[in-house]
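Structure at a glance
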Amino acid sequence: MESQRSVGSARWDSFVALGDSLTEGIGDADPAGGYRGWADRLAEHLTVQNPELRYANLAVRGKLIRQIVADQVPQAIELRPALVAFTAGGNDLIRPGSDPDAIAELFDAGVGKLRAAGADVLIGTGFDTREIPVLRHVRGKIGTYNSHLRAIADKHGCYVLDQWSMRVLRDARAWSEDRLHLSAAGHRRVALRACEALGVPVAADWSEPWPVTPGTPWRAQRVQDIRWAREYLAPWIGRRLRGVSSGDGRPAKRPQLEKLTAGHPST
């Protein structure tokens, strides 16, 4: 780990993010178009430390771990980045019959290739889904997978973005209307947590309590649940049954290493 820690955030001159919809930034709409997300926000914080930083985001929504390791990992290695954020496996875990042990083996292989290429790697764990409808049923598999990720991080000398322990993400305000993706506020907190993991100084606190607001009446919650099932859950199940993905044919939003343009505050 010492060789990795000696790099320092100010000396990372290039950063590549790999993964699926979480890292693409779904749920965090960018006023300029498209999505922003925690990885973009992290890149902004890194740019404060090193204005010469170049950033690429190869993540595509709906991708499975085997696709990310087969496609995105080689692309990242070709770019020769100093730092790689690698968060994947969620789409696999929520599929019936999926095996967290097998998913972790693929993840381990991907991390090994990135580290062998000389990149520092930030691994993102899965969320604690105890409070999330539907996803709470795969909480045990996520916990098993996270144990593997911790071991993989120790094995390869990686930084760990521990999202499981982020109790602030149990609040509904951390999630978008589809309850499957983070909201802008959720992405912001994950980016701050990533900065903490990397030792990047920031002024804001990812664990700051949410403002106190009145609770939602039970009847209103039931109406929201029904609407959510109709507008988001049913289409998601339909795609799984048809064997299609929301990311089929979709290119990465930022395939090349480039400097960030001005416009977003690092918050």
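Residues numbered from 1 in each chain as written. Predicted model: local features only at pLDDT ≥ 70, side-chain atom pairs only at ≥ 80, totals over all residues. Heavy atoms only, no water.

Another aspect to go through is the overall build of the protein chain. The helix and strand inventory of the protein chain stands at nine helices and six strands. Burial analysis of the protein chain (267 residues in total) assigns 48% to the buried set. For the protein chain, the accessible surface area stands at approximately 12,900 Å², while carbon and sulfur atoms represent 53% of it. (Helix = DSSP H or I, 4+ residues; strand = E, 2+ residues; numbered from the N terminus. Buried < 20%, exposed > 50% of the residue type's maximum accessible area, 1.4 Å probe, protein only. Areas by Shrake-Rupley, 256 points an atom, 1.4 Å probe, with all protein chains shown as cover.)

Moving on, we get to helix H8 (residues 184-198). Structurally, the α-helix is built with 3.6 residues per turn, so residues lying three or four positions apart point the same way. The terminal C-alpha atoms of H8 lie 21 Å apart, and with 15 residues this matches the ideal 21 Å at 1.5 Å per residue to within 8%. With respect to burial, H8 is a largely interior element, eleven of its 15 residues being buried. By the burial criterion, the buried members of H8 are Gly186, His187, Arg189, Val190, Ala191, Leu192, Arg193, Ala194, Cys195, Ala197 and Leu198. Looking at the residues trailing H8, positive phi occurs at Gly199, about 75°. (Expected span 1.5 Å × (residues − 1).)

Let's shift gears to the confidence of the model for the protein chain. Chain-level pLDDT for the protein chain is 87 on average; 81% of the residues reach the 70-or-more range. Long-range and interchain partners of residues 1-7, a stretch whose pLDDT sits below 50, account for 13 contacts in this model, where long-range means more than four residues apart. (pLDDT = per-residue confidence, 0-100. Contact = heavy atoms within 4.5 Å.)

Take Asp108: it is sitting in helix H6 (residues 100-116). Separated by 2.9 Å, the side chains of Asp108 and Lys155 make a polar contact. When residues no more than four places from it in sequence are discounted, the contact partners of Asp108 are Ile152, Lys155 and His156. (Polar contact = N/O pair within 3.5 Å; in protein donor to acceptor, adjacent residues only side chain to side chain.)

Evaluated as defined, the whole model comprises 14 salt bridges. A salt bridge links Asp162 to Arg150; the nearest nitrogen and oxygen atoms lie 3.0 Å apart. With a gap of twelve residues between them, Asp162 in the loop between strand E5 (159-161) and H8 and Arg150 in helix H7 (residues 139-156) connect regions that are remote in the sequence. Take Asp162: its relative accessible area is 15%, and that puts it in the buried class. Residue class for Arg150 comes out partly exposed when judged on its relative accessible area of 40%. Here Arg193 makes a salt bridge to Asp162, at a shortest N to O gap of 4.0 Å. Of this pair, Arg193 sits in helix H8 while Asp162 sits in the loop between E5 and H8, and the two are 31 residues apart along the sequence. (Salt bridge = Lys/Arg side-chain N within 4 Å of Asp/Glu carboxyl O.)

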